[in-house]
Amino acid sequence: MMRTTAATAAALALLAGAAHGAEPASAGKRLEAEYIVTWLGLPVYSGTVAIAWNGERYRVRFQAEAQGIARLANSTTIEWQTNGRLAKGAVQPEHFAQANTFRRQTRRITLAYAAKGPPAVSVMPPESPGKRPPVPDALKAATLDPLSASFAAFAMAPDAKGCAYKAQVFEGLRRTDVRLAHSGSERTPAPRSAGLGRQAFVCELHAKRLAGYEEKHFRQSPEPLPPATLWVARHEGAGLWLPAQLRFESQYGPIYAHLTRVKLGSGEP
């Protein structure tokens, strides 16, 4: 159960958004969105996504930690950060770092991007040899880290009519292809204080595991993975579309991530 909820908390950083399109504002902006992850109605994780961007650069930070019954069983924390450049609205990551602590042990993973070729990867401490099949360099090239992929999705055009987004994602150990498909519109499932529009797009999020996954992942959850459901709504003050709610099916039942608060500010990334 702890592994499932930890993965769901991390997914907040990857599953956010709908489709890229709008050029981010040239003036520096900051946004912080807070989420709570629940299982059987009980809080198990809290997470925060913080974004700073202008017309040239962006920085995204994601943090999550166990809450409630999950905190009694472990002290899992997740800290990710990425920064990069914007070229005609397209994201170009420069450096991605993650620090994941589980059972008081922290593994740090970094990706350093060059103009061409796959990113340089550092994993400390290294995993045990043979734990997972390595990701070939050909599948690392032309990919985005999870946070850069999320920011690309956040910049959805104001007059968007639905969800339509694809990303090739590599986070240092695994390569995953992500696709969002439009499935309707509903009232936004978020508190009014969050500042989101009343209507939200309902999106099906499909993930294809391509490389770097342990065999047990496929035994526990055979391909194809059932799609997650994501509700995204427009935040006019930020000029971005934000995830209001995520529903993810697990072997222990449905897990939800709910937006609880949004804070806006200004400043350069």
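Residues numbered from 1 in each chain as written. Predicted model: local features only at pLDDT ≥ 70, side-chain atom pairs only at ≥ 80, totals over all residues. Heavy atoms only, no water.

1. Describing the overall build of the protein chain
1) Next: Along the protein chain, the regular secondary structure elements total five helices and 13 strands.
2) Next: Counting only residues that meet the buried cut, the protein chain has 46% of its 269 residues in that class.
3) Next: Summed over its atoms, the accessible surface of the protein chain is roughly 13,000 Å², and 53% of this surface lies on carbon and sulfur atoms. (Helix = DSSP H or I, 4+ residues; strand = E, 2+ residues; numbered from the N terminus. Buried < 20%, exposed > 50% of the residue type's maximum accessible area, 1.4 Å probe, protein only. Areas by Shrake-Rupley, 256 points an atom, 1.4 Å probe, with all protein chains shown as cover.)

2. Let's talk about the state of the cysteines
1) Next: Counting across every chain of the model gives one disulfide.
2) Next: A sulfur-sulfur separation of 1.8 Å characterises the disulfide bridge that pairs Cys-163 with Cys-203. Across the S-S bond linking Cys-163 and Cys-203, the dihedral sits near -55°, which makes this disulfide left-handed. Here the residue Cys-163 occupies a position in the loop between helix H4 (146-154) and strand S8 (164-170), and Cys-203 occupies one in strand S10 (residues 199-211), the gap between them amounting to 40 residues. Like Cys-163, the residue Cys-203 is buried in the burial classification. (Disulfide = S-S within 2.5 Å.)

3. Comments concerning the nonpolar core
1) Next: Ranked by internal contacts, the top residues of the largest apolar core, which has 62 residues, are Leu-31, Ile-51, Phe-151, Tyr-165 and Phe-201.
2) Next: No other element matches S10, which puts six residues into this core. (Core = buried A, V, L, I, M, F, W, Y, C linked by side-chain atoms within 4.5 Å.)

4. Remarks on the layout of surface pockets
1) Next: When its volume is computed, the second largest pocket comes out at roughly 240 Å³.
2) Next: Considering the residues around the second largest pocket, the lining is formed by 14 residues, among which Pro-93, Tyr-113, Ala-114, Ala-115 and Gly-117 are closest to the centre.
3) Next: Counting residues per element, the lining of the second largest pocket draws most heavily on strand S5 (residues 90-102), which supplies three residues.
4) Next: Among the residues forming the lining of the second largest pocket, the class breakdown is eight nonpolar, three polar and three charged. (1 Å grid on protein atoms, 1.4 Å probe; cavity = no way out; pocket = protein on both sides within 12 Å on 5 of 7 lines; lining within 4 Å. Points joined across faces, edges and corners; volume = space filled by probe spheres on them. Nonpolar A, V, L, I, M, F, W, Y, C, P; charged D, E, K, R; others polar.)

5. Some details on the pairing of strand S3 (residues 57-66)
1) Next: Only one face of S3 is covered, namely the face carrying Tyr-58, Val-60, Phe-62, Ala-64 and Ala-66; the face carrying Arg-57, Arg-59, Arg-61, Gln-63 and Glu-65 is uncovered.
2) Next: Pairing geometry for strand S2 (residues 42-53) and S3, over nine bridges, is antiparallel. Following the sheet pairing, Ala-52 is matched in S3 by Arg-59.
3) Next: Where S2 folds back onto S3 in an antiparallel hairpin, the turn is made up of three residues.
4) Next: Note: S3 against strand S4 (residues 77-87), nine bridges, orientation antiparallel. Following the sheet pairing, Arg-59 is matched in S4 by Asn-83. (Pairing = 2+ DSSP bridges.)

6. Considering the environment of Ala-87
1) Next: Mapped onto the fold, Ala-87 is located in strand S4.
2) Next: Counting along the chain gives 31 residues from Ala-87 to Glu-56, while the straight-line C-alpha distance between them is 7.1 Å.

7. Overview of the pairing of strand S12 (residues 240-250)
1) Next: Within S12, eight of the 11 residues are buried, leaving the element largely enclosed by the surrounding structure.
2) Next: Two elements, strand S11 (residues 228-235) and S12, share seven bridges in a ladder whose sense is antiparallel. Of the residues in S12, the one forming a bridge with Val-232 is Pro-243.
3) Next: The antiparallel pairing of S11 with S12 creates a hairpin that spans four residues between the two strands, and Gly-239 there sits at a positive phi of about 75°.
4) Next: Relative to strand S13 (residues 253-266), S12 is paired through six bridges, and the arrangement is antiparallel. Paired with Leu-246 across the strands is Ala-257, a residue of S13.
5) Next: The antiparallel pairing of S12 with S13 creates a hairpin that spans two residues between the two strands.

8. Remarks on the environment of Arg-57
1) Next: Following the sequence through the fold, Arg-57 ends up in strand S3.
2) Next: For Arg-57, a relative accessible area of 29% gives the class partly exposed.
3) Next: Separated by 35 residues in sequence, Arg-57 and Gln-92 have C-alpha atoms that sit 9.1 Å apart.
4) Next: Dropping the residues within four chain positions of it, Arg-57 is found in contact with Ala-52, Asn-83, Gly-84, Arg-85, Leu-86, Glu-94 and Pro-269.
5) Next: Looking at Arg-57, its side chain comes within polar contact range of the side chain of Glu-94, at 2.6 Å. (Contact = heavy atoms within 4.5 Å. Polar contact = N/O pair within 3.5 Å; in protein donor to acceptor, adjacent residues only side chain to side chain.)

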